[in-house]
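Residue strings, one per chain:
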Amino acid sequence: MKVALLGCGTVGAEVVRLLHEHERDLTARIGAPLELVGVAVRRAGRARDLPIDPALFTTDALGLVKRDDVDVVVEVVGGIEPARTWLLEALRAGKSVVTANKALLGEDGATLHKAAADAGADLYYEASVAGAIPLLRPLRDSLHGDRITRVTGIVNGTTNFILSSMDSTGAGFAEALEEATALGYAEADPTADVEGFDAAAKAAILASMAFHTRVTAADVHREGITEVTAADMASAKAMGCTIKLLCIATKQDDAVSVRVHPAMIPRTHPLAGVGDAFNAVFVEAEAAGQLMFYGRGAGGAPTASAVLGDLVAVSRNRLAGTHAASESAYADLPIRPIGDALTRYHISLDVADKAGVLAAVAGVFAKHGVSIATVNQSGRGNQAVLVIVTHAAADRALAATVAELRALDIVRAVASVLRVEGE
């Protein structure tokens, strides 16, 4: 089986090493050897400490993909273009594709799936979500006879490290981000991670597979963690909670809701103990019940492990003259807006410490049909803080409540608003 590799960065280099180190085992598992016939890179002349012939490096990725002797194309470059052009070229030529490109799949997975289906080619992408964790294949295969109702996950290691650090040390967001950058967990430009774009693309992939419905990253309500403060974390601790950036995909009343945002979850919840840069996904299904997938969600070696797992699968299929179904989107369910989602709010208000404040605030909640679960006031005078946790309500009603609270004369500021999940 002749393999073209597109990209030789952190993940690509590990793919090369694993192909070399596990050569005999991979040959035995597949029934034929894997031969790396070319590696597309930006700078072919750069020195690389890898166990392959330097002559295999090329800057002509499209030319490599078009070669007649290539059976499988492995893409670990990322981004939308030119990766989309390369992969469509491969699929339309009937070549198997293995990719870790969550951004492309989240934005335009339907085009790739169609090209694969039209050509009878394999499109595998286990490495696109949660690194080494076997997650997509269980959703696609093991749970194919069940009905999944909810998927809740921590799918971004950078933000999980930052929030875990804030929880354990009391640091603010800026300090925790600085630590994550120094340790190599955060990119020089961390926007895709801390603003939730990375998690939203992964949420779209998970929801598409879980609910047999095409979901794009644009369908996902997205909020990042940049507004989470040390005070928010302290308030969560006081409630017996912690704060995590969650991707939440639910199926209810024949519709799908997909969102990514920071949320308070009880410390008793299985996801609450997921620390450092680890990922975990909690799946709820009608027959199987509750399942949790946990492990390293990023990094060269973990992601390369998932890539090689897919490479073995597509190579076996190719030798057998078969291919897997490209996608299952038969349900074609509508996507609900965030306003329809049922959730709870934790709201912190800076208020005037005088008679009638609580009644006025409670009146706003009642006006929008939002029930209050708990109220706590601390401080006096200019330092009075009112912390309110609601019962479950439609997100649009909760958002409208917060908007009206901001306009009240007795409310100096809405200090923070966080959703509460897992209760």
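Residues numbered from 1 in each chain as written. Predicted model: local features only at pLDDT ≥ 70, side-chain atom pairs only at ≥ 80, totals over all residues. Heavy atoms only, no water.

Looking at an unreviewed UniProt entry, one finds the protein chain named Homoserine dehydrogenase, with Dactylosporangium cerinum as its source organism. In its Cofactor (unreviewed entry) section, UniProt records this for the protein chain: "a metal cation". (UniProt positions renumbered as here; feature names shortened; annotations may be inferred.)

Visitor: Can you explain the overall build of the protein chain? Please cite residues and give values.
Guide: Counting its regular elements, the protein chain contains 14 helices and 17 strands. A globule of 423 residues ought to have a C-alpha radius of gyration of about 22 Å, and the protein chain, at 24 Å, matches this closely. Judged by the C-alpha coordinates and their principal axes, the protein chain covers about 80 × 45 × 35 Å. Excluding contacts between residues fewer than 6 apart, the proportion of contacts in the protein chain whose partners are at least 24 apart in sequence is 73%. Accessible area of the protein chain: about 18100 Å², with a carbon and sulfur share of 50%. Once the 39 positive and 50 negative side-chain charges of the protein chain are each reduced to a mean point, those two points are 1 Å apart. (Helix = DSSP H or I, 4+ residues; strand = E, 2+ residues; numbered from the N terminus. Rg over C-alpha atoms; globule rule 2.2 N^0.38 Å. Contact = heavy atoms within 4.5 Å. Areas by Shrake-Rupley, 256 points an atom, 1.4 Å probe, with all protein chains shown as cover. Lys, Arg positive; Asp, Glu negative; His and termini not counted. Charge placed at Lys NZ, Arg CZ, Asp CG, Glu CD.)

Visitor: An account of the packing of helix H4 (residues 83-92) against helix H5 (residues 102-119) is needed here, citing residue identities and associated values.
Guide: It is the contact of H4 with H5, at a shortest axis distance of 8 Å, that shows an interaxial angle of 15°. On the basis of the axis angle, H4 is roughly parallel to H5. Crossing geometry of H4 relative to H5 is assigned as right-handed. For the pair formed by H4 and H5, the contact residues are Ala 83, Arg 84, Leu 87, Leu 88, Leu 91 and Arg 92 on the first element and Leu 104, Glu 107, Asp 108, Thr 111, Leu 112, Ala 115, Ala 116 and Ala 119 on the second. In the contact of H4 with H5, the residues fall into nine nonpolar, one polar and four charged. (Axes fitted to C-alpha atoms, helices over the stretch in contact; angles between N-to-C directions. Parallel < 35°, antiparallel > 145°, perpendicular 65-115°, else oblique. Left-handed = near helix turned anticlockwise from the far one by under 90°. Nonpolar A, V, L, I, M, F, W, Y, C, P; charged D, E, K, R; others polar.)

Visitor: Run through unusual backbone geometry, naming residues and quoting values.
Guide: Residue Glu 81 is joined to Pro 82 through a cis peptide bond whose omega torsion reads 10°. Within the secondary structure, Pro 82 sits in the loop between strand E4 (72-75) and H4.

Visitor: Help me get a handle on the pairing of strand E5 (residues 96-99), residues and values and all.
Guide: Successive residues of a regular strand alternate their side chains across the two faces of the sheet. Of the two faces of E5, the one carrying Ser 96 and Val 98 and the one carrying Val 97 and Thr 99 are both buried. Crossover connection from E4 via H4 to parallel E5: handedness right-handed. Relative to strand E6 (residues 123-124), E5 runs parallel, the two sharing two bridges. Within E6, the position partnered with Val 98 by the bridge is Tyr 124. (Buried < 20%, exposed > 50% of the residue type's maximum accessible area, 1.4 Å probe, protein only. Right-handed = clockwise from strand over helix to strand, strands pointing away. Pairing = 2+ DSSP bridges.)

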